[in-house]
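Architecture at a glance
Residue-level listing of the chains:
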Amino acid sequence: MHIKSMAEYAANGESPEVLFWVGCAGSFDQRAQRITKAFAQILDKVGVKFAILGKEEMCTGDPARRAGNEFLFQMMAYNNIQTLNMYGVQKIVTACPHCFNILKNEYPPLGGTYEVIHHTTFLQQLINDGRVRLKEGGDFKGKKITYHDSCYLGRGNNIYEAPREVLKALDVELVEMKRCRTNGLCCGAGGAQMFKEDEPGNTRINFERSSEALETGATVIAANCPFCTTMLMDGVKNKEKEDSVMVLDIAEMVARSLAD
Amino acid sequence: MQVIQQIFFILCVGVAVYFFSKKVGEIRRNIKLGKDEDLSNEPGARWRNMVLMALGQKKMFKKPIPAVLHFAVYAGFIIINIEILEIILDGVLGKHRLFAPMLGGLYSFLVGFFEVLAVLVWLACAVFLVRRNVLKVKRLNQHELDGWPKNDANLILSTEIVLMTLFLMMNTADLVLQTRGVAHYTITEPFWISQNFTGLFEGLSTGTLIAIERTGWWLHIIGVLGFMVYLPYSKHLHIVLAFPNAYYTRLQPKGEMDNMKAIQNEVLYMMQPELAPPADAAAAPQGFGAKDVKDLSWKNLLDAYSCTECGRCTAACPANITGKKLSPRKIMMDTRDRLEEVGRNINKNKGQFVDDGKTLVHDYITTEELRACTTCQACVEACPVGIEPLDIIHELRRYLVMEESNSPQEWNMMFGNIENNMAPWKFSPDERDKWAEEMANA
């Protein structure tokens, strides 16, 4: 399968239906690359005409901005907006809620206005439109699954239902954690915490959240963010439950359940 | 004698109003020390927030038990204060139960209704005291509340109980005096609650009863006036400021951070020097982020005065839950404490702030606290009156990183990687689409 870049589309005088903004985690992190590949595979399978920026994509500047380095954020944003506007990008889908939030909410005041969709919303739309068709009795049917709301999709942008709708379409038995939706507990990665050690405390935030997820008795913890996925996997490993409990992105779950 | 009472009463009201207005004026001035921020857009949505959050206490009902109790105190407080109108008119005019003859049966109904509310307030405050001091609910017993904040809370609750007791006691004595046909005591229908307690007072002499009734009346109104003077010094100020604060709370998505136009322009001129305006040597160098309260926006400062230290933010904070030093409530308390300190400094120095060598960051809020935040917005979501501790954290972080270059080593590496490799990790930008090549080859 060949994934075309914006440059290739432009060279042929064509434009894609949507730009897939992969993000740094999705591009470089080995665990997150599996999410990227799963999502690309779904898009390809159902015939969505999509492009990536490839080597022209840069960090959105999110971790720099959250840490307080506005200058670096503005530089990254300037460069990315130049690229996106040069290609006349209209619609962006991304599998990272941090990229989603910043592209959707924080680029417009800087001159970069696009229709930005998180991949779980996009998947829900594809399922509703009948473009994504799921296997009868797929891998997750009837399985006890809990869903972790990422901060920047949930509280940050009030998207709570789309990912749950996708899980419903997979026929799972959704069990909620005590702290869910608006009360969802962070995985501990946001605000540039991913890139530094925790401040001194009793425990790590991801351990706390993973324990809560494990208490539901779910065999899969569904996530919508590459950082949450990493944090929760570490937490599950810490409890030595990695053999019985999987942490999966919703795109990975859909990719495994596609009808032939 | 009556005239002396009237003069004394008017004096009490005057003194209370004077001190209350003076402090309110200072708070207004302190809030205006903050930077300008235009929050006048979408008045419709803002009124809606005020009605739902402040008046309707929508977010309080996430925790139903304290919400119901709080609602009783709140409704009681607002409605019983209608009675204050009569008390003030009686006091000024030297009358007793001025409205009774005008309203007839309705009067007794109203007073009876106030009495029911008074009992509810009494009970709710008692339960609140138990929650704080006996059950020791975690969020009401954390470190940042040690000392004055705990005393403040207990003082408010005890005062409410005393005021309600005085109100009921005064009515009970009044009813007994009415049955004895004592002059001045207008005959009313029995009041719903106090009529059940008249037995306690029947053995007392008329003189004693008048003393009890008058003492109850005076202590009640002096208590209310004292409470008014005390209010702007207390966390209890939220009963007033919850309304403007809910009105001015941010409307954009919680995930959105405010743009810094100054830095946006700086980057723009660096990239496209032809757009840069001619250098203005006279322009004062501008600091980035917030080092002290005056660098925050007026809304951040209004937030600080609106906070009643309930700790819902801290109870929801992932950093605090896992034992880190960060507590969003402490961020708000520190901001208010520092702002009050700056205000006292201004009062002392004839309206000018004289540098005291202190700042909000470092002297009140440490880097360790600021660095523990995951920006998850749980504190903002939790606040029943629309306070945004995260906004202050963002501004202080901006100051630390951009003015002091004060960031952990790992963050400096992350910044370096973003700058050089266009990703927060040390990967070559050439490998960004390696996953796509792998898929092509699969």
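Residues numbered from 1 in each chain as written. Chains lettered and ligands numbered in written order. Predicted model: local features only at pLDDT ≥ 70, side-chain atom pairs only at ≥ 80, totals over all residues. Heavy atoms only, no water.

Now for unusual backbone geometry. All names here are of chain A. A positive phi angle, near 60°, is found at Asn 158, a position not held by glycine. With respect to the helices, strands and loops of the structure, Asn 158 is situated in the loop between β5 (144-147) and α8 (161-169). Unusually for a residue other than glycine, Arg 181 sits at a positive phi of about 50°. Relative to the helices and strands, Arg 181 is located in the loop between β6 (173-174) and α9 (205-215). (Helix = DSSP H or I, 4+ residues; strand = E, 2+ residues; numbered from the N terminus.)

Let us look at the packing of aromatic side chains. Counted under the stated rule, the structure contains 23 aromatic pairs over all chains. Centre to centre, the rings of Phe 39 of chain A and Phe 122 of chain A are 6.4 Å apart; their planes meet at 70°, and the pair counts as edge-to-face. Of this pair, Phe 39 of chain A sits in helix α3 (residues 30-46) while Phe 122 of chain A sits in helix α7 (residues 119-128); the two residues are 83 residues apart in sequence, bridging distant segments of the chain. Exposure remark for Phe 39 of chain A: the relative accessible area of 0% places this residue in the buried category. By the ring-pair criterion, three or more aromatic residues cluster together here, those being Phe 20, Phe 39, Phe 50 and Phe 122 of chain A together with Trp 435 of chain B. Seen from the ring of Tyr 9 of chain A, Lys 4 of chain A lies directly overhead, with NZ or CZ sitting 4.4 Å from the centre. (Phe/Tyr/Trp six-rings, centres within 6.5 Å; stacked < 30°, edge-to-face > 60°. Buried < 20%, exposed > 50% of the residue type's maximum accessible area, 1.4 Å probe, protein only. Lys NZ or Arg CZ within 6 Å of the ring centre and 35° of its normal.)

Right, let's talk about the pattern of salt bridges for a bit. Close approach of charged atoms allows side chains with opposite charge to pair. Counting across every chain of the model gives 44 salt bridges over all chains. Arg 66 of chain A is paired through a salt bridge with Asp 62 of chain A; the nearest N and O atoms lie 3.3 Å apart. Of the two residues, Arg 66 of chain A and Asp 62 of chain A both sit in helix α4 (residues 62-67), four residues apart, roughly one turn of that helix. Residue Arg 66 of chain A is classed as buried on the basis of its relative accessible area of 1%. In this structure, Lys 358 of chain B and Glu 341 of chain B form a salt bridge, with 2.7 Å as the shortest nitrogen-oxygen distance. Of this pair, Lys 358 of chain B sits in the loop between α14 (328-348) and α15 (360-364) while Glu 341 of chain B sits in helix α14; the two residues are 17 residues apart in sequence, bridging distant segments of the chain. Classification of Glu 341 of chain B as buried rests on a relative accessible area of 15%. By sharing partners, the salt bridges in this structure join Asp 62, Arg 65, Arg 66, Glu 70 and Glu 106 of chain A together with Glu 395 and Arg 398 of chain B into a single network. (Salt bridge = Lys/Arg side-chain N within 4 Å of Asp/Glu carboxyl O.)

All names here are of chain B. With respect to burial, helix α11 (residues 298-306) is a largely interior element, nine of its nine residues being buried. Taken together, the buried positions of α11 are occupied by Trp 298, Lys 299, Asn 300, Leu 301, Leu 302, Asp 303, Ala 304, Tyr 305 and Ser 306. At the N-terminal end of α11, a side-chain oxygen is found 3.0 Å from the backbone nitrogen of Lys 299, two or three residues along, and the residue is Ser 297. (Polar contact = N/O pair within 3.5 Å; in protein donor to acceptor, adjacent residues only side chain to side chain.)

Residue and element names in this part refer to chain B. Structurally, chain B comprises domain 1 (2-32 + 63-247) and domain 2 (251-271 + 287-429). The C-alpha-based centres of domain 1 and domain 2 are spaced at 39 Å. Each partner contributes residues to the interface: domain 1 has 26 residues there, and domain 2 has 29 residues. At the boundary of domain 1 with domain 2, total buried surface from both sides reaches about 2,300 Å², with 49% on carbon and sulfur atoms. Broken down residue by residue, the surface that domain 1 buries against domain 2 is led by Ile 31, Glu 144 and Asn 245, which jointly contribute 29%. At the boundary of domain 1 with domain 2, the tally comes to two salt bridges. Note that Glu 144 and Arg 329 form a salt bridge whose closest N and O atoms lie 3.0 Å from each other. Inspection of the domain 1/domain 2 interface yields 18 residue pairs in polar contact (both at pLDDT 80 or more). Looking at the side of domain 1 that touches domain 2, the elements that each hand over two or more residues are α1 (2-31) and α9 (238-248). (Domains from an automatic or database assignment. Contact = heavy atoms within 4.5 Å. Buried area = accessible area lost by both parts, 1.4 Å probe.)

Residue and element names in this part refer to chain B. A contiguous nonpolar surface patch, about 710 Å² in accessible area, is contributed by Met 102, Leu 103, Leu 106, Phe 109, Phe 113, Val 116, Leu 120 and Trp 192. Contributions of two or more residues to the nonpolar patch are made by α4 (100-103) and α5 (105-133). Among the elements that make up the nonpolar patch, the one with the highest residue count is α5 (five residues). (Patch = residues over 30% accessible without salt bridge, like charges linked within 9 Å, V, L, I, M, F, W, Y side chains within 5 Å. Areas by Shrake-Rupley, 256 points an atom, 1.4 Å probe, with all protein chains shown as cover.)

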